[in-house]
Amino acid sequence: MKKIKKMLISVFAITFIILCFTNCENSNETADTSKIMVRLTDAPGDYEEVNIEVVDVMMKTNTDPDETRGWVSLSNIDRGIYNLLDFTGGVSLLVAEGQVPSGYLGQLRLVLGTNNTIKKGGQVYPLSTPSGQQSGLKLKINETLVPGITYELMMDFNVDKSIVKAGNSGKYNLHPVITISSTATSGSIKGKINPILEGFQVVASVEVGNETISAYANEQGMFQLYGVPAGTYRLTLTPEVASGKTPLVIEDVMVVNGEITNIGVVSFE
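Residues numbered from 1 in each chain as written. Predicted model: local features only at pLDDT ≥ 70, side-chain atom pairs only at ≥ 80, totals over all residues. Heavy atoms only, no water.

What about the sheet that holds strand S21 (residues 260-266)?
Phase 1 of the analysis: A sheet is described by the order of its strands in space; here 3 strands give the open sequence S18-S15-S21, paired in mixed fashion. Each edge of the open sheet carries a strand with a single partner, namely strand S18 (222-228) and S21. Here the average twist between neighbouring strands, direction ignored, is 15°. (Pairing = 2+ DSSP bridges. Helix = DSSP H or I, 4+ residues; strand = E, 2+ residues; numbered from the N terminus. Axes fitted to C-alpha atoms, helices over the stretch in contact; angles between N-to-C directions.)

Have a look at this one:
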């Protein structure tokens, strides 16, 4: 019976170590990535409809000059056929989002399918895509992404310049003309608890509207909250009840998009 108990304790211990290691790995991944949101908008054109088929949205996150390497598809892509004229006057469509490695982001590639059409005078015409663009339209970004920050990339599709009539044939070609802009839409808050509450967990949190952004402090007492929109917040550090410590509240913590707010070292009374 004692041997069985020892074996069970060993299994639980190994499981605990594996879970801790996994959690540490996940924390490191979060710290080394940035969130990207890709939106599509349009300036009005002289058409009743301009429909494009979004197939893929890819990022080139390294500085390798070889155009065939380093491309990665975003994890969440809203594939489908969209009428660009539905996204004018400040309206935009979220076509893709996902986590990408922080650091240098060189280009974005928008890959369109073959189901592209326009409607003019009540008639629907197919839009032919030149073979040279079938691998995707490359857009230069040249942005350095900060870990834990959310970036919004806005693709502005110029309809009038993108659709070219092929002589008197009645056919239309699609030569996408798109400008892209990048805006950091969140910041982060970090700090360190010293002395640490050894053996007890501490949760750092801020309220953003009706939601709570939170994170645990690690064994060294360091914590960081990611994806916090610009604004001024009340940061709360809540230790386990068994620690005998009361929550610590830090007022007026200012967050700037694209930046990390470091509150420095804090301690419980």
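Let's talk about the pairing of strand S9 (residues 123-128)
Phase 1 of the analysis: By the bridge criterion, 4 bridges tie strand S8 (residues 117-120) to S9 in an arrangement that is antiparallel. Paired with lysine 120 across the two strands is glutamine 123, which belongs to S9.
Phase 2 of the analysis: Taking the residues between adjacent antiparallel strands as the criterion, S8 and S9 are bridged by 2 residues, where glycine 121 takes a positive phi near 60°.

Things to note about the pattern of salt bridges
Phase 1 of the analysis: Counted by the stated rule, this structure contains 5 salt bridges.
Phase 2 of the analysis: One salt bridge connects glutamate 152 with arginine 39, and the closest N-O pair in it is separated by 2.9 Å. Of this pair, glutamate 152 sits in strand S11 (residues 150-158) while arginine 39 sits in strand S1 (residues 33-43); the two residues are 113 residues apart in sequence, bridging distant segments of the chain.
Phase 3 of the analysis: You can call glutamate 152 partly exposed: its relative accessible area is 22%.
Phase 4 of the analysis: Here aspartate 46 and lysine 120 are joined by a salt bridge, their closest N and O atoms 3.5 Å apart. (Salt bridge = Lys/Arg side-chain N within 4 Å of Asp/Glu carboxyl O. Buried < 20%, exposed > 50% of the residue type's maximum accessible area, 1.4 Å probe, protein only.)

Let's talk about the nonpolar core
Phase 1 of the analysis: The biggest cluster of nonpolar side chains holds 40 residues, and the ones touching the most others in it are Ile36, Val38, Val57, Met59, Leu74, Leu108 and Met155.
Phase 2 of the analysis: Elements represented by at least two residues in this core include exactly S1, strand S2 (49-60), strand S6 (93-101), strand S7 (103-112), strand S10 (137-145), S11, strand S13 (172-174) and strand S14 (178-184).
Phase 3 of the analysis: Among the nonpolar cores identified, the runner-up in size contains 19 residues, and Ile189, Val202, Ala217 and Leu235 belong to it. (Core = buried A, V, L, I, M, F, W, Y, C linked by side-chain atoms within 4.5 Å.)

Focus: the confidence of the model for the protein
Phase 1 of the analysis: This prediction gives the protein a mean pLDDT of 83; 86% of its residues lie at or above 70.
Phase 2 of the analysis: Across residues 1-30, confidence stays below pLDDT 50; counting only partners more than four residues off in sequence or on other chains, it has 2 contacts. (pLDDT = per-residue confidence, 0-100. Contact = heavy atoms within 4.5 Å.)

Section: the environment of threonine 41
Phase 1 of the analysis: Relative to the helices and strands, threonine 41 is located in strand S1.
Phase 2 of the analysis: A polar contact of 3.0 Å, which involves the side chain of threonine 41, links it to the backbone oxygen of valine 91. (Polar contact = N/O pair within 3.5 Å; in protein donor to acceptor, adjacent residues only side chain to side chain.)

Some details on the sheet that holds strand S19 (residues 231-239)
Phase 1 of the analysis: Across the sheet, which stays open at both edges, the 4 strands sit in the order S17-S16-S19-S20 with antiparallel pairing between neighbours. With partners counted over all chains shown, the strands left at the sheet margins are strand S17 (211-216) and strand S20 (248-255), one partner each. Strand-to-strand twist across the sheet, computed as the mean angle between neighbouring axes with direction ignored, equals 25°.
Phase 2 of the analysis: Relative to S20, S19 runs antiparallel, the two being bridged by 6 bridges. Note that in S20 the partner of glycine 231 across the bridge is valine 255.

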